[in-house]
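# Descriptive structure summary
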Amino acid sequence: IEQTPRELHVSANVQGVLAARIDRLEPEEKELLQQLAVIGRSFPLGLVRKVVSQSEDELYRLLSSLQAKEFLYEQPALAEVEYIFKHALTQEVAYGTVLQEQRKALHEQTASAMDTLYSANLEDHYGELAHHYTRSGNAEKAIEYLHLAGQHAIRQSANEEAIGYLTQGLSLVTDIEDELARAQYELTLQMALGAPIMNAKGYGAPELEAVFNRARELSHELEETPQLFGAIAGLWIFHANGRAPLKTARELVEQLLRLAQQQDDSGLFVVAHLAMAYTLSVQAELPAARVHFDQGIGLYDAPQHRSLISFFGLDFGVAAHSLSALTLWLLGYPDQANERSTEALTLAQELAYPYSLAWALALAAMFHTWRGDMQTAEAQVEAGVTRSRELGFTLPLAWGIIVHGRTLAEQGQYERGIGEACEGLDILEKAGSDALVPFYLALLTEMYGKDDRAQEGLAVSIGALELCNRRGDRWCEAELYRLKGEMTLQSHGKHPTSAVQQEAEVCFEKALEIAREQSAKSWELRAATSLARLWQRQDKEAEAHELLSDIYNWFTEGFDTKDLRDAKALLEELG
C-alpha cells in the first residue's frame, strides 16, 4: 500500500477532467473511490473489506464498475486479489475530493483495520501504519509506529530511511498534550536516532552531539538512568572519535563506569569497559586498556546484549574483539591478536548484522596491514568496501578505501593507491571524524615513501604528529616519529649528510622512547630496526645488534610476521 500521493506536475485541465469524471460517478462509487484513495495507490481486497461498510456483494459490484470505468484495475498477487489505481493522478484527485475531517476518520479507520489484519506480521507495515496515524491526527500512535519503523529500518541497515522516520516522529512530539508523556516520547526518539546517524554520517557528525545532548537533558529530567547511560555513551562516541581533545571522552567514560556500578547491569558494564578500553588504547595506556577489553569480552553475551545494537548501531562484542586485536598487536602479541581478530569476524558473521560485519572487516584489514599480511588485508577490505558502498556506511567505507590504497601501493600501483587513501581521508574529514586518522596518515606516509615522494611523506607525518598532540591521540605516535625519520633520510637521496642522519636518529630514538613508555613492543621493534639500519650505515654494527636483539628476543610469538622476519634478517647481517 502506498502513502498519500505527492503533488504531480500536470495541467489544471487534466485534473479538472478527472475531477469531473469522479463527480459523475454514482454516489456509492464515488464514496468507495474516495475511501480507496485514502488507503493508498494499491490495496489488497482483505483490507478493503475491513475498511468499507458495504456488503460483500455490493463491494464486488462497485469494484467491478470502477474497473469497467478505468479508475482501477485488478493485479495478480500471491496471497489475495489486489487492486491498484490505474493512474497515480487519479488517486491524487480522488483523495483531494475528501473533506478534511472525513479524511482523518478514514485514515484512522484504515490504520485500525491494518492493526487487526496484519497483527501476525506487523513489522512489514510499520511505515504505512505510521503514515495513516499521522494523517488521522493520532499523534501518540503515529509516534509509536514511526519509532518502530525507524528501528526496523536500522535493523535492515536503511539508515537514511530510519533517520527520516525518527525525525518525523520528533516533529509530532509537540502534539502530545501531557508534559511527561511528551518528554518520554522525545527521549525514546532521540536515543533511537543515534545509531542511524553514526552509521550514515560517522561518529563526528554534529547532529550526533545534538541528539545525545538533548537525550542527556531529558534523561536527567525524567530520572531515567538506563537512558542517561545511553546518552552519555553516545556523547562518549562523539568525543572519542570526533575532533575534540580526548580529555572530555575520558571524563565521560568514567561517568559510564560509575553508572554501570550503580545499576550493576552486565550490559552497561560491557559498554563501559569497551569505552574505557578504547579510550585508553587511543591514549596509548595499553596494559590498562587490555585489562578493560578482557573484562568487557568476559561479560559479553551475544543473545543477552544484542539490544545494544539499536542504541549504537554496532554490536559491542564485535567492536571489543576487533579493537582489542589492535591493542594486543601493539603490546607485542601478534598471534593472540590474530586470534582475537578472527573471533571478531566470526561473531560478526554469526550475528549477520550488516554494519557490524562491515566494521569488523575494515578493522581486520587494518590489523593485517599492521601484521604486514597485505594479501589477507586486501581480501577483507574488498568485501568490506563493497558492503559499505552498497549500504552507505560512512566510516567503514573510508577506512576500507584507505587500506585498499595501501594494498595497491604494495603491488606497485602507487598513484592509484595514494589516490584511494586521499579519497578515504577526505570522507573522514567531511564526516568530522579523527578516529584512527593518525594510523591512516602513517599508511599514506609509507605510500609516499614507496613512490619516492619522501618530501610529501615527511609533510604528512609531521601533520599527523600535530594531530596526535592536539587530541592526545598517542597510539600511533611512535610509528609516526619512526616514519618521520625514514622520510628525512629518504628525502636526501642515497647519501644523506651526517647532519641529516643525526636528525633521523633523533626521530628513531624518540620513537623508541615513546614505544617503551607505552609498552608498545611492536612499534619498539620497528623503531629499533630503523635505528639499527642507520647505525649499520654508520659502521656501528655491534651497537645495532645489541639494540635490535634485545627487543627481538623479547618476543615469544608471531615470528612469521613481516616485522619479526625483517628484524631477524637484519640481525643476521649484523651478526
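Overview of the structure. Please read these numbers as outputs of a predicted model, since none were measured by experiment. (Residues numbered from 1 in each chain as written. Predicted model: local features only at pLDDT ≥ 70, side-chain atom pairs only at ≥ 80, totals over all residues. Heavy atoms only, no water.)

### Digging into the overall build of the protein chain
Helices and strands together make up the secondary structure of the protein chain, namely 30 helices and 3 strands. The principal-axis extent of the C-alpha atoms belonging to the protein chain is close to 105 × 50 × 35 Å. A total of 575 residues make up the protein chain; the buried ones form 57% of that total. By sequence separation, contacts in the protein chain at least 24 residues apart represent 65% of the contacts at least 6 residues apart. Within the protein chain, the 85 negative side-chain charges are centred at a point lying 3 Å from the centre of the 50 positive side-chain charges. (Helix = DSSP H or I, 4+ residues; strand = E, 2+ residues; numbered from the N terminus. Buried < 20%, exposed > 50% of the residue type's maximum accessible area, 1.4 Å probe, protein only. Contact = heavy atoms within 4.5 Å. Lys, Arg positive; Asp, Glu negative; His and termini not counted. Charge placed at Lys NZ, Arg CZ, Asp CG, Glu CD.)

### Some words on the nonpolar core
Trp236, Trp399 and Tyr440 are the most contacted members of the largest nonpolar core, which totals 207 residues. It is helix α20 (residues 354-371) that provides the largest number of residues to this core, a total of 13 residues. For Trp399, the residues in contact, after removing those within four places along its chain, are Tyr203, Trp359, Ala362, Leu363, Leu428, Ala435, Leu436 and Tyr440. (Core = buried A, V, L, I, M, F, W, Y, C linked by side-chain atoms within 4.5 Å.)

### Quick look at the state of the cysteines
Two cysteines joined by a covalent bond between their sulfur atoms form a disulfide. A full pass over the atoms with the stated rule returns 0 disulfides. As a non-bridged cysteine, Cys476 has Cys468 as the owner of its nearest cysteine sulfur, 6.6 Å distant. Of all cysteine sulfurs in the structure, the one in Cys468 sits closest to Cys507, which takes part in no disulfide; the separation is 14 Å. A residue is classified by how much of its surface remains accessible, and Cys507, at 6% relative accessible area, is buried. (Disulfide = S-S within 2.5 Å.)

### Observations regarding unusual backbone geometry
Of note, Ser519 is a non-glycine position whose phi angle comes to about 60 degrees, a positive value. One can find Ser519 in the loop between α27 (498-518) and α28 (521-537). Among the residues examined, Ser519 registers a relative accessible area of 29% and is labelled partly exposed.

### A look at helix α5 (residues 88-96)
The element α5 is largely enclosed, with a buried count of 7 among its 9 residues. Residues Leu89, Thr90, Gln91, Glu92, Val93, Ala94 and Tyr95 constitute the buried set of α5.

### Some points on the pairing of strand β3 (residues 82-85)
Where strand β1 (residues 42-44) and β3 come together, 3 bridges link them in antiparallel fashion. Opposite Ser42, over in β3, you have Ile84 as the bridge partner. Across 4 bridges, strand β2 (residues 72-75) lies against β3 in antiparallel orientation. Residue pairing in the sheet places Glu74 in a bridge with Tyr83 of β3. (Pairing = 2+ DSSP bridges.)

### Brief notes about the packing of aromatic side chains
Counted according to the given criterion, the structure contains 17 aromatic pairs. Measuring from ring centre to ring centre gives 5.8 Å for Tyr133 and Tyr145, while their planes differ by 5 degrees; the resulting arrangement is stacked. Here the residue Tyr133 occupies a position in helix α7 (residues 126-136), and Tyr145 occupies one in helix α8 (residues 139-155), the gap between them amounting to 12 residues. The exposure class of Tyr133 is buried, given its relative accessible area of 3%. The ring centre of Phe71 lies 4.3 Å from the NZ or CZ of Arg21, which sits over that ring. Sitting over the ring of Tyr333, Arg290 keeps its end group 5.0 Å from the ring centre. (Phe/Tyr/Trp six-rings, centres within 6.5 Å; stacked < 30°, edge-to-face > 60°. Lys NZ or Arg CZ within 6 Å of the ring centre and 35° of its normal.)

### Some remarks on helix α24 (residues 437-450)
Along its 14 residues, α24 runs 20 Å from first to last C-alpha, staying within 8% of the 20 Å computed at 1.5 Å per residue. Counting buried residues in α24 gives 13 out of 14 residues, a clear majority hidden from the surface. (Expected span 1.5 Å × (residues − 1).)

### Concerning the sheet that holds β3
In spatial order, the strands read β1-β3-β2; together these 3 strands make up an open sheet with antiparallel pairing. Each of the sheet's edge strands pairs with one partner strand only, and the pair in question is β1 and β2. The mean angle between the axes of side-by-side strands here comes to 25 degrees, regardless of whether they run parallel or antiparallel. Sheet strands in contact with helix α2 (residues 27-39) are β1, β2 and β3, and its direction is about 95 degrees off that of β3. (Axes fitted to C-alpha atoms, helices over the stretch in contact; angles between N-to-C directions.)

### Quick word on the packing of helix α12 (residues 225-241) against helix α13 (residues 246-263)
A packed helix pair is summarised by two numbers, namely the angle formed by the two axes and the spacing between the axes. Closest axis-to-axis distance for the α12/α13 pair is 9 Å, and the angle between their directions is 155 degrees. With respect to α13, the element α12 is oriented roughly antiparallel. The two elements α12 and α13 meet at a crossing, and its hand is left-handed. Contacts between α12 and α13 involve Thr225, Leu228, Phe229, Ile232, Ala233, Leu235, Trp236, His239 and Ala240 on the former and, on the latter, Leu246, Thr248, Ala249, Leu252, Val253, Gln255, Leu256, Leu259, Ala260 and Gln263. The class makeup of the residues in the contact of α12 with α13 is 14 nonpolar, 5 polar and no charged. (Parallel < 35°, antiparallel > 145°, perpendicular 65-115°, else oblique. Left-handed = near helix turned anticlockwise from the far one by under 90°. Nonpolar A, V, L, I, M, F, W, Y, C, P; charged D, E, K, R; others polar.)

### A short note on the environment of Leu564
Within the secondary structure layout, Leu564 lies in helix α30 (residues 562-574). Judged by its relative accessible area of 2%, Leu564 is buried. Between the alpha carbons of Leu564 and Thr529 there is a distance of 9.5 Å; along the sequence they are 35 residues apart. Beyond its immediate chain neighbours, meaning those up to four positions away, Leu564 contacts Leu525, Tyr552, Phe555, Glu557, Gly558 and Phe559.

### Focus: a negative patch on the surface
Together, Glu140, Glu177, Asp178, Glu179 and Glu221 line one region of the surface with negative charge. Mapping Asp178 onto the fold places it in the loop between α9 (159-172) and α10 (179-201). Owing to a relative accessible area of 45%, Asp178 belongs among the partly exposed residues under this scheme. (Patch = residues over 30% accessible without salt bridge, like charges linked within 9 Å, V, L, I, M, F, W, Y side chains within 5 Å. Areas by Shrake-Rupley, 256 points an atom, 1.4 Å probe, with all protein chains shown as cover. Salt bridge = Lys/Arg side-chain N within 4 Å of Asp/Glu carboxyl O.)

### Brief notes about the pattern of salt bridges
With the rule as written, the count across this model stands at 36 salt bridges. A salt bridge links Glu58 to Arg61, with the shortest nitrogen-to-oxygen separation between them at 2.9 Å. Taken together, the residues span about one helical turn, with Glu58 and Arg61 both in helix α4 (residues 56-68) at a distance of 3 residues. In this structure Glu58 comes out as partly exposed when scored by relative accessible area, which is 24%. Here Arg61 falls in the partly exposed class, since its relative accessible area comes to 38%. A salt bridge links Arg526 to Glu479, with the nearest nitrogen and oxygen atoms 2.9 Å apart. With Arg526 in helix α28 and Glu479 in helix α26 (residues 477-490), the pair connects residues that are 47 residues apart, well separated along the chain. For the pair Arg526 and Glu479, a shared accessibility class is recorded, and that class is buried. Sharing partners across several salt bridges, the network here consists of Glu479, Arg482, Glu486, Arg526 and Asp563.

Function-wise, these values are silent; they only describe arrangement.
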